[in-house]
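If you want the building blocks of each chain, they are given just below.
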Amino acid sequence: MSMEEEWVAVCPTTDILPWTGVAARIDGQQVAIFRTADNEIFVIGNHDPFSGANVISRGIVGDIDGELVVASPVYKQHFRLRDGICIEDAQVSLGSWPVRIFDGIVVVGRHQQVRAA
Amino acid sequence: MSGRTDKLIVIGNGMVGQKFLESLCEKNRDADIAVLCEESRPAYDRVQLSSYFSGSSADDLSLVEGDFFDEKGINLKKNCTAIGIDRKSKTVQTSDGDELGYDKLVIATGSFPFVPPIPGNDKAHCHVYRTIEDLEAIKASASESSSGVVIGGGLLGLEAAKALKDLGLETHVVEFAPQLMAVQLDERGGALLRKKIESLGVHVHTGKATQEIADGEQTRYQLKFSDGGTLNVDMLVFSAGIRPQDALARDCGLEVGERGGVVVDDYCRTSDPDIYAIGEVALWNGRIYGLVAPGYEMARGLAAHLAGADTPCFQGADMSTKLKLLGVEVGSIGDAHARTEGAHTCLFEDSTAGIYKKLVISADSQKLIGAVLIGDTSDYGNLLQIALNDIKLPENPASLIMPDMGDAPGIGVDSLPDRATICSCNNVSKGDLCTAIDAGAVTLADLKAQTAASSSCGGCAALVKQVLDAELSARGITVKNHLCEHFSYSRQELYHLVRVHEIKTFDALLAQFGSGCGCDICKPAVASILASCWNDYVLSPSLAGLQDTNDYFLGNLQKDGTYSVVPRVPGGEITPQGLITIGDIAKRYDLYTKITGGQRIDLFGARVDQLPGIWQELVDAGFESGHAYGKAMRTVKSCVGSTWCRYGVQDSVGMAIFLEQRYRGLRAPHKIKLAVSGCTRECAEAQGKDIGVIATEKGWNLYVCGNGGMRPRHAELFAVDLDNDTLVRYIDRILMFYIRTADRLQRTSVWRENLEGGLEYLQDVVVNDSLSIGSELEKQMQLIVDNYACEWKATLADEESLKRFRAFVNDPKPDEQLVYVREREQRRPATEDEKLAMQRTDTMEV
Ligand code: SRM
Ligand SMILES: Cc1cc2nc3c(=O)[nH]c(=O)nc-3n(C[C@H](O)[C@H](O)[C@H](O)COP(=O)(O)OP(=O)(O)OC[C@H]3O[C@@H](n4cnc5c(N)ncnc54)[C@H](O)[C@@H]3O)c2cc1C
Ligand code: SF4
Ligand code: FES
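Counting restarts for each chain, with residues numbered from 1 along the sequence as it is written. Chain letters start at A and ligand numbers start at 1, both assigned in the order the entries are written. Thresholds applied to this predicted model are a pLDDT of at least 70 for local features of residues and 80 or more for the giving and counting of side-chain atom pairs; totals over whole chains, interfaces and linings are not thresholded and use all residues. Processing note: side-chain calculations cover all non-hydrogen atoms of the structure and skip hydrogens and water entirely.

J.: Give a description of the site of ligand 2 that names residues and reports values.
T.: Residues and elements named next belong to chain B. If even one non-hydrogen atom of a residue comes within 4 Å of a molecule or strand, that residue is called near it. The immediate surroundings of ligand 2 are formed by 28 residues, with E38, E39, R130, E280 and V292 found nearest. Each polar contact in these results corresponds to two N or O atoms within 3.5 Å; when the atoms are within protein, one needs to be able to donate a hydrogen and the other to accept it, and residues that are neighboring in sequence are counted only if both atoms are side-chain atoms. Backbone polar atom of M15 to an oxygen atom of ligand 2: 3.3 Å apart, as the coordinates give it. Within the side chain of R46, one N or O atom sits 2.9 Å away from an oxygen atom of ligand 2. Alone, ligand 2 offers 1,000 Å² of accessible surface; in the complex the protein occludes 90% of this. In this text, helices come from DSSP runs of H or I with a minimum length of four residues, and strands from runs of E with a minimum of two, each type numbered from the N-terminal end. Broken down by secondary-structure element, the contributors of at least two residues to the shell around ligand 2 are helix 1 (15–26) and helix 5 (155–166). Looking at the shell around ligand 2 residue by residue, the class counts come to 13 nonpolar, 9 polar and 6 charged. Only the protein chains shown count as cover for residues, with accessible areas throughout obtained via the Shrake-Rupley method and a probe of 1.4 Å. Any residue outside Ala, Val, Leu, Ile, Met, Phe, Trp, Tyr, Cys, Pro, Asp, Glu, Lys and Arg is labelled polar, Gly included; the first ten of those are nonpolar and the last four are charged.

J.: Kindly report on the nonpolar core, identifying the contributing residues and their values.
T.: Residues and elements named next belong to chain B. Take the buried residues of types Ala, Val, Leu, Ile, Met, Phe, Trp, Tyr and Cys, join any two whose side-chain atoms come within 4.5 Å, and each joined set is a nonpolar core. Only protein chains enter the accessibility calculation, which uses a 1.4 Å probe; a residue is then buried when its area is under 20% of its type maximum, exposed when over 50%, and partly exposed in between. Formed by 66 residues in total, the largest nonpolar core has its most connected members in L659, Y663, L666, L702 and F718. Per-element accounting of this core gives the leading share, 10 residues, to helix 21 (residues 724–741). Reported domain spans reflect what an automatic or database domain assignment gives. Split by domain, this core shows at least three residues from each of two domains, domain 4 (491–552) and domain 5 (626–786). Residue contacts are counted whenever heavy atoms from the two residues lie within 4.5 Å of one another. Sequence-distant contacts of F718, defined by excluding residues within four places in its chain, comprise L702, Y703, V704, Y730, I734, L759, L762, Q763, V766 and V767.

J.: Tell me about the site of ligand 1, residues and numbers included.
T.: Residue and element names in this part refer to chain B. Close to ligand 1 lie 19 residues; Q558, T596, G597, R600 and G708 are nearest. Within the side chain of T596, a nitrogen or oxygen atom sits 2.7 Å from an oxygen atom of ligand 1. Within the side chain of K673, one N or O atom sits 2.8 Å away from an oxygen atom of ligand 1. Residues that form the shell around ligand 1 fall into these classes: 2 nonpolar, 10 polar and 7 charged.

J.: Before we move on, can you summarise helix 6 (residues 187–199) of chain B with the specific residues and values?
T.: All names here are of chain B. With 13 residues, helix 6 ought to run about 18 Å at 1.5 Å a step, and its terminal C-alpha atoms sit 19 Å apart, in line with that. Buried residues belonging to helix 6 abut helix 5, strand 12 (203–205), strand 23 (328–334), strand 25 (355–361) and strand 26 (368–374). A positive phi of about 90 degrees marks G201, the residue just after helix 6. Any helix carries an expected span of 1.5 Å times its number of residues minus one.

J.: Go over the sheet that holds strand 6 (residues 67–71) of chain A, please, and point to the residues and values.
T.: Residue and element names in this part refer to chain A. The strand order across the open sheet formed by 3 strands is 5-6-7, and the pairing between neighbours is antiparallel. Strands with a single pairing partner mark the edges of an open sheet, and in this sheet they are strand 5 (60–64) and strand 7 (78–80). Between one strand axis and the next, the sheet turns by 40 degrees as a mean value, whatever way the strands run. Strand pairing is defined by DSSP finding a minimum of two bridges between the two strands. Sheet analysis places strand 6 next to strand 7, joined by 3 bridges and oriented antiparallel. Paired with A71 across the bridge in strand 7 is H78. Every axis corresponds to a line fitted to the C-alpha atoms, with the helix fit spanning only the stretch in contact, and the corresponding angles, defined between N-to-C directions, vary from 0 to 180 degrees.

Below you can see the structure in the form of structure tokens.
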């Protein structure tokens, strides 16, 4: 398959302030894209299963025991940035998407990766 | 248990019977269970029965969750009465004509109201007070009556009297004993209660024996008393005590007490080892327990026993009670009548305030064995713990009940024995907490997860925390108030570091004093400290990632992910044109509109991408951010004051507006609310606020550290008759001192309670400037006042900041999953069920 079919260009990295997130649509699916101070990018699902709202991109990013996480802005559960798994309940996962940076542009893979802990 | 499935029958599905079933199912015990339920509905909350009159439905009262019976495979037979037990064939006969076999039988038939054998007691409008049907009948009678009487002045009788009063009847209570609540209260307590109840318009007749209920002339009935007196009423409720429903047991030859009740041992076993009795029907150690908690204990114990536990099910229970009767607080503990040999008492009475408190003390003056509290039961919990745990009384026991003598000797948690119940909702003792702490619990959250303490009503949280702190320090573990894993400092320490080292960013603070990347605890806390110190624009990029979503989008996040919009309305004063503007904007954006408890208007349901448009219009019309989203100064509530009110002595609205404009935008460890009242009638409720101001003839009285919310606290009088300048100077200093020294998310009330030296210390710092920081505090406040800028105005002027208000970085279309329905002519988020229903037809986009 060609690059175009597998990957979607989303936005320049500079559209995302360090340590914040934005929401985006990949094939109609809502995702949350986060950027760290070191320009690392992570993509996980935007739908918060605990509140039912599409708000994960608006959570505060940080680390717990060395794992990068985002806290849901509604009821504050934490989700791992690398795979979307919930720290408080490992049965729950937001799913994650592969991501790369090309020429300062965030490019997200179309295929969601779901992995239960 | 053995491999085969036992047949278990439970007779009665009242409060205790149901608790038993729940506990048994929790134990996962395999059994074939049948439940005979005489009433037309399964178990409901009899304790809350009276709320049926104030709007609760039978469904609200139900104690059965969802499809409990189906789910657990329990055979529930409604409208089915057990009419006989054959112990030989081990069968129960039912009113349906059935015969059911059992291996084990549980009798949970409760009790029935005792109706004294008075001629005429069977007339149409004579009632009892026990079931939902009884209440329906009372309601029907009341609708065709104008007066009513309750026969019996005990606990339940007074509750019934309240119901009659609420139904609009002229209400009487007739009691045979010379006083009300004779079981729980002493004579003086009874007399005070009577006075209070009479002042509510209920007529009390004590020392009266009713001889006959005859037909009346003007009224439906006439009661004739043994002393020749009469009372004219239209309807009656009997509340003359309860009797155990023990007929079944009696008929099949089980041992029953002289005055009724099925005799049981510590395992709730009757004289037949395959038959058990629990709840109000059971007679344990010569006693019937007419309260629900002992019944629940029996239910839990028996379930554990049947599941194989070998510990006794029941070993007696405490009958102390605390309640609010007709709005009067009443508490009774242990030996209220001081009947114990050699007991002596200690009294406090304030008849103007309607307060009466009595301690009953053991002969050796060491222990508290009883207490009566009327009008003020705030000491109840403390006294009960002392009595139940045999804690040695202080030198001067009177200090336990004297009003506000400064330092009432609280019971140190150290002195509580291990068996002391700390969380009554979940039956967690101090010992249980200690075990969890031994097993490694170090935070409140750990304890909650491991013991369930404080996971229901939460009322015990403070006590649980005290036990935790005391136990940790007893184990030599220093109690850390570190903010989180990234900073080994408390909020107060970080505040000082930020100021002393003039730190302006989170990264700098983290690099110098922290570790890791930060988290959702320390980031907003540090953002707030930075804002309190330097008052920089909250949306500046260096602060962006620190903010909670409310501060990031300058609105309050709602359950569906939209935000609310609250423009500032200083002092609650708003022009008609202002109202029209807000209304106009709300209408165009279709925002749900509501008047808040803070004298302003909240517009709900704005999407992130709509916020700038809405605020542009508000700012253009002269409105500013109301900071409803921030840990910041919220509102200054005011009453109309001397400009219009005939009693007002100062311009409270003017002062409120001045204060609100002075402190708008001020960030703090938690939100801050103020209020100004124009006279002592206090229509602005200033004594419930962090800062309360009440006008006097000579100036202003200042109150501090009040709180509504989860744990209301009355504000304390800080200073009197202040002029405008002094008032503002004091408030500047108090607020700044709070901001400097409080913990994360600590309201002024809690801060004040933890302030060593208390109010006096605060007065010393602020009024006498004992720390010589007065002018510094004022200067710092002035800096913040001078640097104020409306956050929304600044945001709208900044292209970069506006970028963040997009729904999606790569798509201008808003979130299609927001679904609304209309209710009372406004929009609200659809419930999950409504969403599903809509998906099946046509998704409605808004
Ligand atoms: C809108 C309003 C209710 C209303 O419809 O009237 C409200 C709504 C909320 N209150 Fe409140 N409170 C509102 C007046 C009050 C009052 C009454 C008052 O201010 O006179 C109180 C009790 C007084 C007090 O604070 O001492 C009050 C005590 C609370 C508390 C408990 C605080 C405490 O110290 O115990 C919380 C929880 C918290 O802050 O941690 C809370 C939290 C909340 C939050 C922010 C809950 C949340 O996190 O989503 C609500 C969201 C507001 C929104 O989405 O816009 N709200 N809240 C009121 C807004 C007033 C305003 O104009 O700003
Ligand atoms: C108005 C009111 C207020 C109260 N307030 C309080 C309070 O504040 N605090 C407190 O602790 N307690 C209070 N109580 C007492 C509390 O409700 C009882 O202690 C509790 O309900 C006892 O539970 P139980 O299961 O033993 O009996 P019940 O709840 O009476 O249940 C017994 C059930 O068995 C059924 N039954 C009886 N015989 C048969 C039979 N032969 N076959 C089938 N079913 C049968 C009955 O119909 C009934 O449904 C109050 C009671 C009332 C009426
Ligand atoms: S009382 Fe509770 S539900 Fe009501 S507005 Fe306040 S926080 Fe929300
Ligand atoms: S008493 Fe502990 S949660 Fe209610």
